[in-house]
Amino acid sequence: MNARTIILTITAAALLAAPGAIFAQQGPGDCDGSGPHGRMGGPGGGGGFGGQGGHGLLRMLDRVGDRIGLTDAQRTQIETIVDARKPELDALRDQAQAERATFRDGHEMGDFDEATFRAHFESQASLHVEMQLIGAEVASQVWAVLTPEQQTQVLEIIDLIGDGRGGPRHGGGKRLGK
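Throughout, residues of each chain are indexed from 1 in the direction in which the sequence is written. Reporting of local features is limited, given that this is a predicted model, to residues whose pLDDT is at least 70; pairs of side-chain atoms are given and counted only at 80 or more, and all residues count toward the totals for whole chains, interfaces and linings. Side-chain descriptors were evaluated using all non-hydrogen atoms of the structure, hydrogens and water having been removed beforehand.

1. Structural notes on the overall build of the protein
Moving on, step 1. Runs of H or I in DSSP of at least four residues are treated as helices and runs of E of at least two as strands, each being numbered from the N terminus. When helices and strands are tallied, the protein shows 6 helices and 0 strands.
Moving on, step 2. In sequence order, the secondary structure elements of the protein are arranged as α-α-α-α-α-α.
Moving on, step 3. Partly exposed residues are those whose accessible area sits between 20% and 50% of the maximum for their type, while under 20% is buried and over 50% is exposed, using a 1.4 Å probe and protein chains only. The buried share among the 178 residues of the protein stands at 42%.
Moving on, step 4. Contacts are assigned to residue pairs that have any heavy atoms within 4.5 Å of one another. Counting only contacts in the protein whose residues sit at least 6 apart along the sequence, the fraction spanning at least 24 positions is 76%.
Moving on, step 5. Computed with a 1.4 Å probe, the accessible areas rest on the Shrake-Rupley method; for each residue, only the protein chains presented here act as cover. As presented, the protein carries roughly 10000 Å² of accessible surface, and 55% of it is formed by carbon and sulfur atoms.

Here it is in structure tokens:
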């Protein structure tokens, strides 16, 4: 496996690991359009250690840790890596949620001022970029904890089950026996 493949895999895992933590901790209507203000508060999602359908790479490692032979020492290292960045991630997530709430509370449905919306969306995007970067860094550090054999096994599992968005490369997942 060459360096480019490893970097692309880490990046893909980080991107998969990004939005779930935010969605998991938001209340009804925060970003899903179901609240009284719909999606007015800004784009949903954000960064973190979660991912579509769970906690991305970290959730996957939790689920397949025994299968790939994660040791207790590796699990402790991974937990330490995640815990070290959690306060920063939590602060960014809280800031994004507070800004969305303030924006929603200050606007009636149907009101539109492009400059105000643009400033709000740009602020939200900036916070989400910071959360994505934390997720990417954490995924990279966690990846480094795995042995080359474990990395290969994780890549094989990702190829088998896909990336959480319809299978490998959005193709629906490999079928056993094909």
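2. So, the confidence of the model for the protein
Moving on, step 1. Summing up the model confidence of the protein, the mean pLDDT is 72 and the portion of residues at 70 or higher is 60%.
Moving on, step 2. For every residue, the pLDDT score states the predictor's confidence, bounded by 0 at the bottom and 100 at the top. When the criterion is pLDDT under 50, residues 6–55 qualifies, and its contacts beyond four places in sequence or with other chains add up to 122 contacts.

3. What to know about the packing of helix α4 (residues 72–105) against helix α5 (residues 114–145)
Moving on, step 1. Following both chains from N to C, one finds α4 and α5 inclined at 175 degrees, their axes separated by 10 Å at the closest point. Between α4 and α5, the angle falls in the class roughly antiparallel.
Moving on, step 2. Each residue receives one of three labels: charged for Asp, Glu, Lys and Arg, nonpolar for Ala, Val, Leu, Ile, Met, Phe, Trp, Tyr, Cys and Pro, and polar for the others, Gly being one of them. Split by residue class, the contact of α4 with α5 holds 14 nonpolar, 9 polar and 7 charged. A fitted line through C-alpha atoms represents every axis, and for helices the fit uses only the stretch in contact; the resulting angles, taken between N-to-C directions, go from 0 to 180 degrees. Our angle categories are set so that under 35 degrees counts as roughly parallel, over 145 as roughly antiparallel, 65 to 115 as roughly perpendicular, and the remainder as oblique.

4. Focus on the packing of aromatic side chains
Moving on, step 1. Working definition: rings of Phe, Tyr and Trp (its six-membered ring) pair if their centres are within 6.5 Å, and the pair is stacked with planes under 30 degrees apart, edge-to-face with planes over 60 apart, and tilted otherwise. Tallied over the entire structure, the rule returns 3 aromatic pairs.
Moving on, step 2. Ring plane angle 90 degrees and centroid distance 5.0 Å describe the contact between F103 and F117, whose orientation is recorded as edge-to-face. Remark: F117 occurs in helix α5 and F103 occurs in helix α4; sequence separation between them is 14 residues.
Moving on, step 3. For F103, a relative accessible area of 6% gives the class buried.
Moving on, step 4. Site record: aromatic cluster; members linked through ring pairs are F103, F112, F117 and F121.

5. Focus on the pattern of salt bridges
Moving on, step 1. Should a side-chain nitrogen of Lys or Arg be within 4 Å of a carboxyl oxygen of Asp or Glu, the pair is scored as a salt bridge. Under the defined criterion, the tally for this structure stands at 7 salt bridges.
Moving on, step 2. Residue K86 is joined to D90 by a salt bridge in which the shortest nitrogen-to-oxygen separation is 2.9 Å. Note that K86 and D90 are positioned in helix α4 at a spacing of 4 residues, about one turn of the helix.
Moving on, step 3. We classify D90 as buried; its relative accessible area is 18%.
Moving on, step 4. For D90, the salt bridge identified is with R93, shortest N-O distance 2.9 Å. Of this pair, D90 and R93 both sit in helix α4, 3 residues apart, roughly one helical turn.
Moving on, step 5. With relative accessibility at 10%, the residue R93 sits in the buried group.
Moving on, step 6. Within the structure, one salt-bridge network assembled from shared partners comprises K86, D90, R93 and D94.

6. Description of helix α6 (residues 148–161)
Moving on, step 1. Multiplying one less than the number of residues by 1.5 Å gives the expected span of a helix. Across its 14 residues, α6 extends 20 Å between first and last C-alpha, which sits within 8% of the 20 Å expected from 1.5 Å per residue.
Moving on, step 2. Those residues of α6 lying buried are Q150, Q151, V154, L155, I157 and I158. Projected down its long axis, α6 carries its buried residues within an arc of 160 degrees, all on one side. For α6, exposure combined with an orientation more than 90 degrees from the buried face picks out P148, E149 and E156. The directions from the helix axis to the C-beta atoms form the arc being described.

7. Looking at the nonpolar core
Moving on, step 1. As used in this record, nonpolar core signifies buried Ala, Val, Leu, Ile, Met, Phe, Trp, Tyr and Cys residues forming a set joined through side-chain atoms within 4.5 Å. Counting 26 residues, the largest nonpolar core has L61, I68, I78, V138, V142, L146 and V154 as the members making the most contacts within it.
Moving on, step 2. When residues in this core are grouped by element, the largest group, 8 residues, is from α5.
Moving on, step 3. The residues touching I68, leaving out its near neighbours within four places in the chain, are L61, L146, Q150, Q153, V154 and I157.

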